Each structure stands twice: as structure tokens, then as C-alpha cells.
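Chain residues, written in single-letter form:
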Amino acid sequence: MLLPVVLWGSTPPSHTISSLYLSRDDKILISGSTEGQLLVCDVFTDALIPRYILVGHSAEVIGIDQLDSGLNNLHVISASSNGEVFRWNVTDGAYMSSTVVQGPLTKIQTLPSSQNILICGQYGAMTVLDHSTLEVKHHLVPSDPSHWVLCYTVFQPPKAKDEEVVCMTVNGQIKTWNLQAECREKVILESETKILNCPRPVCVTYNPKSLYNCLVVCQSIWRIYRAGDFVLLCSGSSNQEVPWSGGKFYTVDKIMLWRENGELYIFKLPARAIRPVDHSDASWSAEPPTYLHRISTGPLMECLLVHKKSKRTPHDIVIRGDRDGRLSLWKQEREKDISTEGLVECIHTSLSEMWDQENVAIVNDKCEKCGVPLDITSSVYLEALSYLACGLSSGDIVVGLVHNFLTHALFKCDVDTDEIDTRVRLKGHSGSVSVLLYPHSNQPSAYQPNILYSGGVDFSVKIWDWKKGKLLQSFTTHTGPVTRLFLPPTQATGKLRGSVVSVCQDNSIAITTHSLVVPLFVGSCHHTSVLEIRWRLAEDILLVHCLDDTVYVWGLSTGHLDRIETGAVALSLITACQTVSEGEHCKLEITNSADTARLSTGLSVVPFRFSQVDNLSHMVLFDTELLLHLLTQLQTNIFTNELKRTKSNISNISEKRGRVSARADQRQVDRRSSIIKQTETAKLLEERSVTSELTVEETKSTEENEENDDTKDRFDVVKLTCSLLLSCLHAWGVDLNIDRTCVKHLGLMVPSRELTYGTVGSSSTFMLLLPGWEQRIHKQTPTTVQPPFGRWCLSSSLTTQHLLSVSALANKQMSTDLTLSFNRRSRNLVVKREDKTREREEMMRQSINESEKKAGWSHVTALHCIVLPEHVPPGYCSPLLTHLALKWQDRCMEVREASQALFLRELRRIGFAGRQQLVNQWYPYIVRKRDPVPPEPLEKLYSMELPLVPDYFAKFINRPTKSRSSVSVEDEDLPADSYPVSVIILGVIVSEFPDEVEVSSVRNHVASPNRRDVIRSSFLLTHEMLRGVAAHLFSQLIKPPSQLPLHSPVRRASVDLIGRGFGVWSEFVNLTAVVMTLLELQTDPLVPIEIKKAIAQSGNIPGTGNKECLAAAATVRAAYQASILIANNKPQQTVTALSKEILTFKCDVEAGLSIQSLSVFPSSYHTILDKGRYPIYLLVQNIIEKTKARDLATIIVKIVEIMLFCIDTEQFKTRTLSELVPSLTKNVLIDYCSATQQVAVGSAEGLVHVFDVKSTKCTPLHAHNAPTSAVSFATNGRTLVTFSESEGRVSIWQSSSGLLSLMSPGPLKLVRMVDALPPLPQNHPSKSPVFKWEATKLVSLYLNDKTKKSFAV
């Protein structure tokens, strides 16, 4: 989860407008640029306000259009000239999906009825993409492939379902394709072709009002044709040298044309070109148009017209975008004559106009002579040390700790000037520094961490030792500014190892190294710019790929140019060589935290610019999950080291005290012996021994301190990074008391200016908020967006990520502070202090500070999880439940708890009506999904290799059979994550709100503290809907790893939700299948037994191990907790199911069948039972502790049988049953005899079952006709007494005596029965009877009313 904070600097980024689109509700204007970015602006009656920039395209954006998503969000499609097609959620600023089409593109448009996407490019055929998957659906192929399509439009006749695509080709032909709604063909041929005298067409469009005439604009002429037969109605020409660049219908009788130089013309069409007339008259001829108006105000790139008669737009609007990035909105009142009044510019904006010149960069240095701020021309992040190096326009290079730079640039904090001055300043370039490279990041084995490369506009490449501030080497081999620096491949050896390749603006390259004073290689005959450098080290060849697709082949050893290749040979050379140089770049190409190595401390600084003329901007990336993982890991290491140090200190103190007392005794003996010389010698030897011991101890402690220094330093850096992130994300201004607590006790800092945030999507896409947006929006809508709440009203994705990060980090910081305080207390216990009063005062002060910190972090968590929506204006963007659902069982504990808290908060906030809307929205995805495939017949599965989670569990889903034909929607119509998200969302609603679903047949089985027996007129889900949700939830649990990763968050969420709501799901799924599946998940071999024990004891996962181990441990934890919840909800059914399977297992083993042969049968759980003894032991132990005594009496015999199955019989040789299962022997119905290794268990049927722990065989004894209340063995194990309160009778059993009974006791036989007490009524509370042996043949029965009855055996 990457969170960007953007530092734009004092100059705006370039935005050369290439395309425009205004949403259908006239609220959002989107402009595409030649740099590849989308600028999203809010449209008001008197203002255009840029909101944010969408970054994703790598080439010029050629078109934008809207998709009908059916929701409140605005979904648009955009395409770039290099074939990239992106789908965006503009309302949320989120990337959705993308694809790449082969060939350069020229236009993109959505089809009105089907919402599919039609694109064309510089090739013959046009392509139709599916609107949901972006996959190719149709190819519109012309009869002659050489007739390239230059422009097209989509025409749909009134009351017609089919759409017609009308296009103009490069040779002036007009072609039409008929797109039928139910067409399934991949290739569609043209339906009609007509030759028109229209050379070099630019655009073609229909009149949207009448659909009677068609406008065709060429570079030199424009013409109006009649739709259908394309009869010429009107025409005009260009009287200037500047050609036409586009045109549209302005009104029914007016058209608007524009040129590339910014001139805009409005013409009025003649009457015959507007309405249908009879053209059969021979005297009829086309009439010329009437010139009305002309506007010339700068270079025009795109023009868009809007003619909606609405309250928001009571006038005609023209929106234009210029090359310099200026957006202007022109209007013309419909009642006024355009020829006299003309168009009036009412709104205009650009990034340069709205840019705040006070926006600071990450490094704010000023010129020493004139005091003007210096621009940052290059930068590189030294991630291994959390340092940042910035090259300035003055030629200096500033290197310092990135946290100090961020603190000084963003926050109100009294930063020590000495601390800032400690940064290193490298002076050597006579001009601005154009490029920096830190090679240790990419190849740490080949480059030292103190080496830094720089290139400048002074034609030089310099090598620095940045730690010492020393210039090592300087090379001036180029004749122009150095633009880029590359590294050789990691396979390089010899002199190439440790070298750097520099590329100059004059297209020359050079290879330099800090160990030599002359360059290794210089090549300077390239005619165009260098794109990339490839290596063929085995052949000693260097390939230079240039902008004109020419490849220069150089010999590395000779330095000579071997040959120059072009065309197919050059392409084959490039594709055959995969070894590419690594280097510094300024493109935003970060996918996620798992793929980037620049976030070793949870923070990274990424420099970027949209064009070469822009100043360098910086994006600070925080990785929340990595920060949490580092805090956990480093906290564990520090705690372990402190614990070892405390133990060693305690042992050292005890040893020293022992030596001191020994020396005192020795001195007394020496005085009595009066041998002074021997005494002095002994003292000298003793002092030397003590001194040597102390020296060894000091040496060991010094080595340990040196080993722990790196861990503590890294921990401090990570903790400082967390403080910076929390300072950026905290909701400042919502609660002033919490703000003061954050500053005073939690170490957070108040931002000194409005921060600009962003979001990171997949495929290297970003949403970057523009500075000043919040203040400008507040002026237009003061009730909707109010500072400082604008961030929470911008994007649901942004709100979700920020709330998750703040909640997770606040909880982690609280636990970290508690651990550190425990470490301080541990050290204080060891240190001997003389001033007890001062010690108590210091401990009291520390305790108060710790309690204030804990309360402060709790308030921060509550503010963001619960209170925030109540304080934010009505424009609050609530968190996305889809993102929270996918994080419901995240492997990170803090993220998991935060997502669950936010999810449940949102469900409660929206109320019953909102939850009903959620069900109506997400349940159709479950209905559309096909049911799981039924299992294969039994005879087919004998020879199959079963997966880890077998498919045969699907047969335990109790669902009615349903014909496949009833499913109306195919799986292909579903988005990628909609099905698992729908299962999780509906599962959470059912689990947390069981009283709002129709569970009439299981109403008495639902165990919920909030359960209310009320009769509802409506339910969120009906009984049949619950059956479907349960089936699909269980199918997510049992899917094989080939269909769903075994340790994925979706599977863990299904595991958790089955456990949470098992009171509801129990009617629809088989308990045995669920429990055995959960047990199998707990037997994962990737998780060590130590981690499993830690999960059982505390429920937390230790922060050690690799990612696979941690993911597997998270699955084990979810399965363990789910099995506990199921056992607590259904203890009797769980124990019965386990007992039945264990009995089957024992019978098969006794029959001589091996476990390997039994595991072939799909209906058996023998492998799970054999491997899952420890999980079963933990599960049954929890049942013993949580189940009431009265309910436990009915299943106590089965519990003992299960526990004896789980415990190894060899352990009874050294340990007793009370040591192995402490909770089991506390029950009066169970007694264990260590002499005979037998366990006696009383049952509710009056039987007493005697188990032999060696053979686990059971001998039932008919002791009573009523439930047994207490049992007890004599010390020698030859006598057993039982008692039943309902009968009031004591039964005495003894084993046979004799010579053979000395080796092993014989069977127990009833000796006599004694009436001890009056029978107790059935509903009367128990008196808790307990047996106590007073002697070998004397036993007493104690009751809770202090009654005592003794019996002689």
C-alpha cells in the first residue's frame, strides 16, 4: 500500500493540450496532453478549477470519451498515439484497466448503444474493444487494406438498434459498416463504399439534432452531404495557407471550423442544406454558406461544443484548449445574434495561472549572490542510508538525510539549523547538474556505497566520495551537456565492472571509471539521439540504439565502429540482445511495494518530470505495510537483545555478589592464620582473576553493543518515517485537543502548508493532486468542501488508504511504545540506585508519559475509525468497501484490524437501508457465477492425485440442484474481483447482522449478543439467498491452489467469515467438512511449530520469517480462530464429528490398512487426522475451557477419547495427565491414576468409562442409573469410587488381586454401593461433589455446603 506525497516546486508541469472531453452532466472537464497526462478540472458557472492529474500514458493522448458505468462514478476511456488504451474512474481518480493495441492510434470513441470502444489508427482496419474487458471484439476490415482510415463517426438512425460506422479513407473514399447488436463475428466487412471528391479528410461528423446532413472537413475544403446517399448540399474552401484542422455542428443551421493557428470560424448553412428537399430538379445546385463570425486568440489544439438546454448551461458553450495548456470557455446567449454579439470568453484557466509560486521544493537553497531560489535539476535517492542527493542549477550537489529535508519543507517544526547544516555540499560543476547516479543501489557488489556519479551542462562527468565531500575523478570527454548515465550489466568483468556509461546531448557516449584517469571508451558519430544501450559481452560488442531505429555496433576493446545496421537487421540485433543498461530515469514506473527495492526503510523519493523543459518534481512514497513489517521485525530483535542483556546483567550481579561474600570469608580465615605473605599473594591472585573476568565481560558486552547499533539505528529511522507519515495523514483541525496531544506527546508535526497527496494504481498509474485545489473549491462550494476537510471529500480511494494507514500505524506505534517502556523498566530493575526518592519520581513520570501516549494513540485511532464522518461536510467520500473487503484478512495484523474496524463502522453508519442497497448491488454477482462443478464419481478419483485442499469437499454443500440454463449472465461479464468481493461483503453482513437475515429455521442456533427476537417485515437476505451465499463462501474455502492461491486474502476471509457466522451457515454446510478443512489448513508444513504455538497462545504472528512463511502463518491463524469460533458455537456437534472420524480412523488402522492407502479414498480424512493432532488438541482444549460444566458432561467421554488420540503415549512415562491437559483434570468427572496409567470418566448416562492410555482402549462400567457426578482413583489404582447426585449413591469398584495383578491390574468389579445422601432433584443446582482419599482404604466425599461423608473401602 503505497502512499505518495507530492512536492511540485515553484513552477507548474507542462501540459500541452491535445484532446478535450466534457462530461455529460457538464461538471467535469478532462484534457489530454502530448506529454501523456490527463488533467481533470471541476466546471463551475464562473470558474474552471484543476483538481488532479492522471498519469499513465507514455505518449500523446489522442482521444477521451465517456462510458456508461450504470453507477454514480464517471468512467472514461482514453487512448494514446502509441496504442495504449486506459479505463479510468475519474470521480475517484482511480485506474481501472488497460490494454495495448498494435499500431499508432488516431481516434477513439464509444458506441452509443453497446458502449463498446471503436478505435482507428494508421492502418487499414478499425478495432472494436469490449467496454468491460478491453479485449478485441470486432475488426472492421475494408476491402482494400491500403485504404487507411483517417477519421470516422458513428451514426445511429432513429428507432434503430444497429449502429453505422462512417469513415473517410486516405484517398477520399467514404465507407460504412453496419454493427448489429447480436453480431458475434470477429471480422466485419464494409457494407457500402462511395468515392467523394474529399482529398486529405480531417474529420467527419453528423448533425446531432437532425441526423439529416453530414459535415466532412478536409485540409483545404469542407462540404455538407446528405446522410444516406451523400448528395452534396453545401461546400466551402480555405482561402488561407493554414489548413483546416477540425469542425463540428454548432447548431442545426450553423457549423464551426477551426485552424491550427487558433482561428475559429462560424458559418450559417443555406436552407436547402438543413431540411430535406427534393433534389431531383435539374436546376438545383449547392448554395454557398454565410460567414458569421471569426475568433483568433492563440494556437488552438482542440475544440469541443456543448448545446444542452439545462439549468447549468442556459447558453451555447465552446471550450478550447491551447498549446500552452490554457483552457478557455466561451459562451453565446441563444437569444442574441452571433454575427453581432459573437462569442464571449467567460472562464479561462491554466496550470501556470493557478500555480502558487510559494510552493516549495524538497530542497530550498538560494543563490549566495542574489538570494534567488535555486531550481533542482536532478536528484537521486540513496535508499540504503535514507539519504537524498539533489543537483542544483548553481552546479552544487546537496546530500543529506531525507527526513530532515521533508521536515524542513513540509512541517512547522523548530528544526535545529546545525542538523540541517550537517548535510554534505559537493562543489565542482560550473553549470547546473543535469543527471545524478548512485550505482550502489542497482549493483551493490560492484560499487561502493560512498560513490556518486554526476553529469552537468558543463560537459563533464564527475565521480564523488559523497561521505567525505571529495571529488575523485572528473572527465570532460563530451562536447555538450550530459543527459543520462547508465550502468553496464551485472555480468560485466574486468575494467567494465565498476564503470559508468554517459550519454551527451551531442549523441556521443563514453565509459568512465573512478579507478582510471582516462575514459575506457568514447563513441561520437551517432546522428540522432541515443535511446538505449545493449551489451553482448561474450562477443565484446556494444550496441547503441538511436531514435531513427539505427543500431551502431561498436567494439569494446578496439573502440572502433564495426558497422551500422538499419531496418529488419537492426530490429533483430536489438531483440536478440536482452542485456540492457541500468540507469537513472525520471519516469513514474513503480507498480507496488513488492516489486520496488527503493523502499528498504519504508520511504522512497522518486524524481519525475513530464517534459525536458520542466523543473524536477518529487514524489515521496511511503509503504505502510513495509513500515509495519519493519517495526515488528526490529521491535522483536530489540526486545530479544534487551531480554538477553537483562538476563546477563542479573547473572553478573549474582556472580559478583557471590564472589564478594567468598572474598570476605577468605579474609577472615587469612587473619586467623596470621600468614601475611600468603594472604597478600591470595589477594593479588584474586584481584587479577576478578579483573580478567571483568575484562572478558566488558569485551563481550562491547561486541553485543556493536551488533545492536545497526538494529537500533534502523529502528530509529523507521520510527521517524512512521512519524512523518502520520504527520502527513492525520486529520488536523478536526479535534484540537487531539491535535495538541499529537504534538506534545506523540511527536507528530503540524504541516506548514497544504499537502498534495495522490494514489498509486497498477501498471505504473498515478493520481497526483494539484496544489491549491482545496482553497479554490471552497470558494465555489463553501458548504461541501471546507478546509481542512477537502482531502476527505476528494476520492474514496484516497480516503480508504489514508484511514487504513493511520489506524494501522497508530495501533502499531502504541504497541511499540509499550514494548520500549517495558525494556526501560527491565533495565531499571537491574541498575542499583542509591536515591530511592528520585527513582520513584522518575518511574512515576515515565508511567504518566506512557499512559498519555497510550491514550493519545487510542484517540487518534478512534478519530479516524469512528468520529471522522461526523465532522466532515456532506461531501465526505466514504471508504471503498471493495478495498476493505480484500483487506479483511490481510496478513499484516494491524492492517487487518483496521480494515475490519472501518468496514464494520461503514456498515453501521449506512443503516439498514444502506445495507439493503449493498445486498442488492452485490448479490447479482453471486447469482451470475456458476455453481462449483460437482465432484467426479468415486471410481474416477481413486487414481487422481488430490490437491492440498481437495475438490471433493464440494459434495458437503447442502444446496438444491439447479439447472445450468437458469444462469442468464456468463462469467465473462463479471469484473475480475467482483465475485470474491461480493462473497466477502455478503458474508460480513450475514455474520455481523444475523438478526437482519431470514434464518427462521436456524433462529435458535444463532449465537449473537446483539440478537433480538423480532419479527421483520423485510430481510436483507432471504433463506434461499443465504443458501447461495453459504455455498459460494464454502467454495472459496475449498478451492484447490490451482484456482485460488492457498494463502490468498480471499481464502483467509472466507475462513474467517465461516467461523464468525457459523450459527447461520450451519444449516447449509456440513460441519465435519468445514472443521476438517480448517484442520488441514492448520497443518501447513511451511509454518514452524514455534509459530503455531505462538498463534495458539496470543493469537499474533511473530514478525520473523520470509513472506511465504508469514502468509502461511496468517492462513493458519485464520483457520485456528475460525475453528475456535465454530467449536464455541457448536461444541457438542464438533466433538461428535471429531470422535466419529477418529473412531473410523482407529478401526481402519486396526484392520491393517496404512495411512497412505487410506488417503486415496476421497471420503476419508485419515491424512488430516494423522497430521492434525496438535490442532485437534488445541481445539478440544478450548472446548473444555469455554463450555459450561452441564453441557460438558454430555460430551466428556468423547473429549477424553479425542485427547488420548492426540497425545503421544510415550509422554505418559514422564508426565501426568494434569501436566499434559491441565484443564481436563480440573473436572470432577475425570480422574487419572499414574500408577496404572488409567483414566476414569463419568458420563451423563451413568456409565463410567475407564481408558488405558497405553492402548487407548475403553472399558465401560455401569455404575449408576443417573448421571455420574464425581469419580476418583485410589493412589495405587486398584480402587475406584463413583458418585451420582441424582441417586445419592456411591459405587465402589476394585480390581482383582493376586500374583498376576502385580504386573498389571485386572478388570474393575463392583464391590458395593452405599447410599451417601438423599437423591437430588433433577433441576436442583449441583453441590459440586469432590472425593478426597484420607488413606489407602478411606475416602471422603466433600460438598460445597461443607458436608463431609467418609467411606471405608
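Please refer to the structure higher up on the page.
Residues numbered from 1 in each chain as written. Predicted model: local features only at pLDDT ≥ 70, side-chain atom pairs only at ≥ 80, totals over all residues. Heavy atoms only, no water.

Draft legend 1. Structural detail: the overall build of the protein. Scanning the protein from N- to C-terminus turns up 28 helices and 64 strands. When the 1353 residues of the protein are sorted by exposure, 53% land in the buried category. Put simply, of all contacts in the protein between residues at least 6 apart along the chain, 57% involve residues at least 24 apart. Accessible surface, the protein: about 61,200 Å² in total, of which carbon and sulfur atoms supply 52%. (Helix = DSSP H or I, 4+ residues; strand = E, 2+ residues; numbered from the N terminus. Buried < 20%, exposed > 50% of the residue type's maximum accessible area, 1.4 Å probe, protein only. Contact = heavy atoms within 4.5 Å. Areas by Shrake-Rupley, 256 points an atom, 1.4 Å probe, with all protein chains shown as cover.)

Draft legend 2. Representation of the packing of aromatic side chains. Taken as a whole and judged by the stated rule, the model has 17 aromatic pairs. Seen in terms of ring centroids, Phe86 and Trp88 are 5.5 Å apart; in terms of plane orientation they differ by 20°. Their pairing is stacked. Here the two residues Phe86 and Trp88 agree in accessibility, since each one is buried. Residues Phe86 and Tyr95 carry aromatic rings whose centres are separated by 5.9 Å and whose planes lie at 65° to one another, so their mutual orientation is edge-to-face. Residues Phe86 and Tyr95 agree in their burial class; the two are buried. By the ring-pair criterion, three or more aromatic residues cluster together here, those being Trp8, Trp355, Phe608 and Phe610. One residue, Arg259, lies across the ring of Trp244, its end atom 4.0 Å from the ring centre. The lysine or arginine in question, Arg915, covers the ring of Phe993, its NZ or CZ lying 4.1 Å from the ring centre. (Phe/Tyr/Trp six-rings, centres within 6.5 Å; stacked < 30°, edge-to-face > 60°. Lys NZ or Arg CZ within 6 Å of the ring centre and 35° of its normal.)

Draft legend 3. Structural detail: a nonpolar patch on the surface. Together, Trp148, Leu150 and Val170 give the surface a local cluster of nonpolar side chains, amounting to about 250 Å² of exposed area. Within the secondary structure, Leu150 is located in strand β14 (residues 149-155). Accessibility expressed as a relative area gives 33% for Leu150, which makes it partly exposed. (Patch = residues over 30% accessible without salt bridge, like charges linked within 9 Å, V, L, I, M, F, W, Y side chains within 5 Å. Salt bridge = Lys/Arg side-chain N within 4 Å of Asp/Glu carboxyl O.)

Draft legend 4. Focus on unusual backbone geometry. In this model, Phe459 sits at a positive phi of 70°, which is unusual for a non-glycine residue. One can find Phe459 in the loop between β37 (451-456) and β38 (461-465). Taking relative accessible area as the criterion, Phe459 reaches 33% and is therefore assigned partly exposed. For Gln1237, which is not glycine, the phi dihedral falls at a positive 50°. Along the chain, Gln1237 falls in the loop between β54 (1230-1233) and β55 (1238-1242).

Draft legend 5. Geometry of the sheet that holds strand β36 (residues 433-437). Taken in spatial order, the four strands line up as β36-β37-β38-β39 in an open sheet, and their pairing is antiparallel. Two strands lie at the open edges of the sheet, namely β36 and β39 (470-475), each paired on one side alone. Strand-to-strand twist in this sheet, taken as the mean axis angle between neighbours without regard to direction, amounts to 25°. Relative to β39, β38 runs antiparallel, the two sharing five bridges. By the bridge assignment, Trp464 is partnered in β39 with Leu471. (Pairing = 2+ DSSP bridges. Axes fitted to C-alpha atoms, helices over the stretch in contact; angles between N-to-C directions.)

Draft legend 6. Structural view of the sheet that holds β55. Across the sheet, four strands lie side by side as β54-β55-β56-β57; this open sheet has antiparallel pairing. The sheet is open, and its two borders are formed by β54 and β57 (1257-1262), each paired with just one other strand. Taken over all neighbouring pairs, the strand axes of this sheet differ in orientation by 20° on average, direction set aside. Bridging between strand β56 (residues 1247-1252) and β57 involves six bridges; their strand directions are antiparallel. Residue pairing in the sheet places Phe1251 in a bridge with Cys1258 of β57. The sheet contacts of helix α26 (residues 1196-1206) involve β54, β55 and β56, and relative to β55 the element is tilted by about 155°.

Draft legend 7. Representation of the packing of helix α24 (residues 1173-1186) against α26. Contact geometry of α24 with α26 gives a least axis separation of 9 Å together with a crossing angle of 150°. Considering the angle they form, α24 stands roughly antiparallel to α26. Crossing of α24 against α26: the hand is left-handed. For the pair α24 and α26, contact is made by Arg1173, Ile1176, Tyr1177, Val1180, Ile1183 and Ile1184 and by Ile1199, Ile1202, Met1203, Phe1205 and Cys1206, respectively. For the contact of α24 with α26, the residue count by class is ten nonpolar, no polar and one charged. (Parallel < 35°, antiparallel > 145°, perpendicular 65-115°, else oblique. Left-handed = near helix turned anticlockwise from the far one by under 90°. Nonpolar A, V, L, I, M, F, W, Y, C, P; charged D, E, K, R; others polar.)

Draft legend 8. Local environment of the environment of Val5. Note on placement: Val5 falls in strand β1 (residues 2-7). By relative accessible area, which is 2% here, Val5 ends up buried. For the pair Val5 and Val620, spaced 615 residues apart in sequence, the C-alpha to C-alpha distance is 5.1 Å.

Draft legend 9. Inspection of the packing of helix α21 (residues 1131-1150) against α26 at higher detail. Packing of α21 against α26 leaves a shortest axis separation of 10 Å and a crossing angle of 50°. On the basis of the axis angle, α21 is oblique to α26. Crossing of α21 over α26 shows left-handed handedness. Across the interface between the two elements, Val1135, Thr1136, Leu1138, Ser1139, Ile1142, Phe1145 and Lys1146 of α21 pack against Lys1198, Ile1199, Glu1201, Ile1202 and Phe1205 of α26. Of the residues contributing to the contact of α21 with α26, the split by class is seven nonpolar, two polar and three charged.

Draft legend 10. Structural context of the environment of Thr169. Among the structural elements, Thr169 can be located in strand β15 (residues 163-169). A sequence separation of 18 residues divides Thr169 from Cys151, and the C-alpha atoms of the two residues are 7.3 Å apart. Side-chain polar atoms of Thr169 contact the side chain of Asn171, separated by 2.4 Å. (Polar contact = N/O pair within 3.5 Å; in protein donor to acceptor, adjacent residues only side chain to side chain.)

Draft legend 11. Structural view of the environment of Leu327. With respect to the element layout, Leu327 can be found in strand β29 (residues 327-332). Residue classification places Leu327 among the buried residues on the basis of a relative accessible area of 1%. A C-alpha to C-alpha distance of 8.2 Å links Leu327 and Leu48, two positions 279 residues apart in sequence. Not counting chain neighbours up to four residues away, the residues in contact with Leu327 comprise Ile17, Leu20, Leu29, Ser31, Cys41, Leu48, Arg320, Gly321, Ile347, His348 and Thr349.

Draft legend 12. Representation of the side chain of Thr1187 in the model. Counting through the fold element by element, Thr1187 comes out in the loop between α24 and α25 (1189-1192). A relative accessible area of 15% places Thr1187 in the buried class. A distance of 2.6 Å separates a polar atom in the side chain of Thr1187 from the backbone oxygen of Ile1183. Not counting chain neighbours up to four residues away, the residues in contact with Thr1187 comprise Pro1131 and Leu1192.

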